[in-house]
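# A look at the structure
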Amino acid sequence: MPEPIVIVDYDPEWPRRYEALRARIAPIVGDLAAEIVHLGSTSVPGLAAKPVIDLNIQLRSSNDLPAVIERLAGLGYRHEGDLGIPGRETFATPPSYSVHDHHLYVCAPDWAGHADQIAFRDYLRAHPTTARAYARLKRSLAARHRDNRGAYANAKAGLVAAVLKRARS
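Throughout what follows, the structure given in this document is the object of discussion. (Residues numbered from 1 in each chain as written. Predicted model: local features only at pLDDT ≥ 70, side-chain atom pairs only at ≥ 80, totals over all residues. Heavy atoms only, no water.)

Where helix α3 (residues 112–126) contacts helix α4 (residues 128–144), the two axes come as close as 5 Å, and the packing angle between them is 110°. By the criterion of interaxial angle, the relationship of α3 to α4 is roughly perpendicular. Residues F120, Y123, L124 and A126 of α3 touch α4, and the partners they reach there are P128, T130, A131 and Y134. Taken together, the residues that form the contact of α3 with α4 break down as 7 nonpolar, 1 polar and no charged. (Axes fitted to C-alpha atoms, helices over the stretch in contact; angles between N-to-C directions. Helix = DSSP H or I, 4+ residues; strand = E, 2+ residues; numbered from the N terminus. Parallel < 35°, antiparallel > 145°, perpendicular 65-115°, else oblique. Contact = heavy atoms within 4.5 Å. Nonpolar A, V, L, I, M, F, W, Y, C, P; charged D, E, K, R; others polar.)

Laid out in structure tokens, this is it:
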């Protein structure tokens, strides 16, 4: 059974946790990565979130994906494929981690979702009122859809789309 959805208050340790993960991953992927970024709600100061860090590695070239998969395997990450999102590859947390505290993704240089995620993050960082409204919605939906991640995500989709539209304009 999947873990229930739990939204917690912002933790100032999240950026430090991201930096520690990045410091471990960056030397391994090296110059194959155009950038490694902290995305998702844990990347927005003050925003309540599921306590899981999202890291995106954007490749310099899509041709480098096999090499990155191999390099990340050396750290214990298992490639899970795109899980239905073409352009973004998912990696399972290494079994050596006692807590599942992060998601690792590798995306193609031209995957539009990467730019959208950055725009969404940056908009919430710059608009605390919108970030608070998003946190209230997430808490409400987590209570209502505690054991159904699909329903939780679908119920957030309208607000996410509206914020993303504003962020792009």
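For the structure shown, the criterion picks out 2 aromatic pairs. When the centroid spacing of 5.3 Å and the interplanar angle of 85° are considered together, the rings of Y10 and W14 count as edge-to-face. Ring plane angle 85° and centroid distance 5.4 Å describe the contact between F120 and Y134, whose orientation is recorded as edge-to-face. On the criterion of sequence distance, the pair formed by F120 in helix α3 and Y134 in helix α4 is long-range, its members being 14 residues apart. Each of the two residues, F120 as well as Y134, counts as buried. (Phe/Tyr/Trp six-rings, centres within 6.5 Å; stacked < 30°, edge-to-face > 60°. Buried < 20%, exposed > 50% of the residue type's maximum accessible area, 1.4 Å probe, protein only.)

Moving on, we come to unusual backbone geometry. Not every positive phi belongs to a glycine, and L83 is a case in point at roughly 50°. If you trace the backbone, L83 turns up in the loop between β3 (78–81) and β4 (88–92).

A few words now on the sheet that holds strand β5 (residues 102–107). One open sheet holds the 5 strands; their spatial order is β1-β2-β5-β4-β3, and the pairing between them is mixed. Every other strand in the sheet has two partners, leaving β1 (33–39) and β3 as the edge strands with one partner each. With direction set aside, neighbouring strand axes in the sheet form an average angle of 25°. As defined by bridge partners, strand β2 (residues 53–59) adjoins β5 across 6 bridges and the pair is classed as parallel. Counted as the bridge partner of I53 is H102 from β5. On the sheet, helix α2 (residues 65–73) packs against β2, β3, β4 and β5 and is oriented at approximately 155° with respect to β5. Along the sheet face, α3 touches β1, β2, β4 and β5 and points at about 40° away from the line of β1. (Pairing = 2+ DSSP bridges.)

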